[in-house]
Amino acid sequence: MRRSSSILARLAGAVAGAALAAATVIAVAAPAQAATLTQVTGFGSNPGNLSMYAYRPDGLPANAPAVVLLHGCTQNASGYFANSGWQKYADLWKFALIVPQQSSANQSLSCFNWYTEGDINRGQGEALSIKQMVDYAKTNYGLDGNRVYISGLSAGGAMTSVMLATYPDVFAAGSVIAGLPYRCSPPASTSTCQYSGVDKTPAAWGDLVRAAYSGYTGRRPRVSIWHGTSDTTVVPLNATESRDQWTNVLGVSQTPTSTASLPAGTSLEVYGSDAVRLYRVSGMGHGTPVDPGSATDQCGTATSYFLDTICSTYRDALFFGLSGGGPGPTPTATASPTASPSPTASPTCVTASNYAHVTAGRAYQSGGYAYALGSNQQMGLYNTFYTSTLKQTAPNYWVIGC
């Protein structure tokens, strides 16, 4: 039995003839297949002792894409499948879902072990188990191996980083939701990573990913990052550090090429030629952003760790290119043309107490400290006595100084 722990967890009768005739009518009226989330056994050696679940929508064509979904702590495969909204788009756009499930036998609160050496290296533990699930699905469901994607929340988001780093040859793109950079822990403690964040240079973060598959020179997955600005379980600095890690790996600048303002106070920063996206959801805590409703861009169920803001699943499905038209276009039509003001523009500068900055939405607080919205630069203690000057360089993006 494998055991480990994680603070991330602290933190869901008539006549026979008539009966035969009725049964025949029902059988004819019923669909040929009723697609459900189904457990799969015998998918590999499974060194990480995980369970595999899969969903194949009715009418799934040959060479269809697939998305791997990784739940958060205290969650399971069926709950994440039911509430995240992914089934809606799998049915609509015809792609398969592969849903690994952690157990309390591995980790007391069913968190994926994103911080354990035996589980975060290529060819070992939970990482290898998830890869074996993908291999099984490709072989048995006739999937397109060049269009496999992955998304996860919290511990599942951190494990998504693990999979993108250790198996870049398997995944075309991924989405890290309220997660952490690859190899924040170890060496740092899980509590430091979660509640304080670890600041490294982009190159240092990138080197950790490159070392996960030494000598690999092939295509690297594109990455989408989602984080609530009021997340106190995994502080928002982790979003910025993840941004630094994946932009460095993909060889693009840490300065956005464009920004956009989206519904529910969401800001989007695009890096490179849509290589990395960073979504910051203003005022949102720890969870997967959903937006219940019947419109195409609405999805999910609002419940614990599924927060009613914006449908992240819809936007990730477009980013992955699952709607049938290739990777979703960069939303530059509503984006500012540059991440910083033009030379002739006068930047917006505001001097106020850290409390006032947070109240006005120019900053957020976590652990008693204030952080500039967008840049996540620490401004000092969150109170009325500490004063800071912030400069706005893009929508929902502030930096210290003017």
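We now turn to the structure provided with this report. (Residues numbered from 1 in each chain as written. Predicted model: local features only at pLDDT ≥ 70, side-chain atom pairs only at ≥ 80, totals over all residues. Heavy atoms only, no water.)

### Brief notes about the state of the cysteines
Here a disulfide denotes one covalent bond, and it connects the sulfur atoms of two cysteines. Per the counting criterion, the structure on display carries three disulfides. Linked covalently through their sulfurs, Cys184 and Cys193 form a disulfide whose S-S length is 2.2 Å. Every disulfide takes its handedness from the sign of the S-S torsion; for Cys184 and Cys193 that torsion is -110 degrees, giving left-handed. A relative accessible area of 2% places Cys184 in the buried class. Overall, the relative accessible area of 0% leaves Cys193 in the buried class. A sulfur-sulfur separation of 2.0 Å characterises the disulfide bridge that pairs Cys299 with Cys311. Judged by the torsion about the S-S bond (110 degrees), the Cys299/Cys311 disulfide is right-handed. One end of the pair, Cys299, is in the loop between strand E11 (288-290) and strand E12 (306-308); the other, Cys311, is in the loop between E12 and helix H9 (312-320), and 12 residues separate them in sequence. (Disulfide = S-S within 2.5 Å. Buried < 20%, exposed > 50% of the residue type's maximum accessible area, 1.4 Å probe, protein only. Helix = DSSP H or I, 4+ residues; strand = E, 2+ residues; numbered from the N terminus.)

### With respect to the pattern of salt bridges
With the rule as written, the count across this model stands at 10 salt bridges. Where Asp135 meets Lys138, a salt bridge forms, and the shortest distance between an N and an O atom there is 3.9 Å. Linking Asp135 with Lys138, this pair stays in helix H4 (residues 125-141), spanning three residues, or about one helical turn. Exposure remark for Lys138: the relative accessible area of 26% places this residue in the partly exposed category. Between Asp207 and Arg210 there is a salt bridge; the shortest N-O distance is 2.8 Å. Linking Asp207 with Arg210, this pair stays in helix H7 (residues 202-212), spanning three residues, or about one helical turn. A residue is classified by how much of its surface remains accessible, and Arg210, at 31% relative accessible area, is partly exposed. Put simply, Lys131, Asp135 and Lys138 are held in one network by salt bridges that share partners. (Salt bridge = Lys/Arg side-chain N within 4 Å of Asp/Glu carboxyl O.)

### Topic: the nonpolar core
Counting residues in each nonpolar core, the largest one holds 57 residues, and the members touching the most others are Met52, Val68, Ile98, Trp114, Met159, Phe171 and Trp246. Contacts of Ile98, omitting those with residues within four sequence positions, involve Met52, Tyr53, Ala66, Val67, Val68, Leu69, Met133, Val134 and Ala137. Membership of the second largest hydrophobic core comes to 40 residues, among which are Val67, Cys299, Ile310 and Phe320. (Core = buried A, V, L, I, M, F, W, Y, C linked by side-chain atoms within 4.5 Å. Contact = heavy atoms within 4.5 Å.)

### Examining the packing of aromatic side chains
Per the stated rule, a full pass over the model turns up 13 aromatic pairs. Between the aromatic rings of Tyr89 and Trp93, the centroid separation amounts to 5.3 Å while the plane-to-plane angle is 25 degrees, which identifies the pairing as stacked. One end of the pair, Tyr89, and the other, Trp93, are both in helix H3 (residues 86-93), four residues apart, so they sit about a helical turn from each other. Each member of the pair, Tyr89 together with Trp93, is buried. Taken together, the ring pairs in this structure connect Trp86, Phe95, Tyr149, Phe319 and Phe320 into an aromatic cluster. Against the face of Phe319 rests Arg222, its NZ or CZ located 3.9 Å from the ring centre. (Phe/Tyr/Trp six-rings, centres within 6.5 Å; stacked < 30°, edge-to-face > 60°. Lys NZ or Arg CZ within 6 Å of the ring centre and 35° of its normal.)

### Quick word on the sheet that holds strand E14 (residues 348-353)
Strand pairing in a sheet relies on backbone hydrogen bonds, with the paired strands running either antiparallel or parallel. The antiparallel open sheet is built from three strands, whose spatial order is E14-E18-E19. Each having just a single partner strand, E14 and strand E19 (397-400) make up the two edges of the open sheet. Strand after strand, the sheet turns through a mean of 35 degrees between neighbouring axes, direction not considered. Pairing of E14 with strand E18 (residues 387-394), which is carried by six bridges, proceeds in the antiparallel orientation. Bridge pairing links Thr348 to Gln392 in E18. (Pairing = 2+ DSSP bridges. Axes fitted to C-alpha atoms, helices over the stretch in contact; angles between N-to-C directions.)

Shape descriptors only; they carry no functional weight alone.
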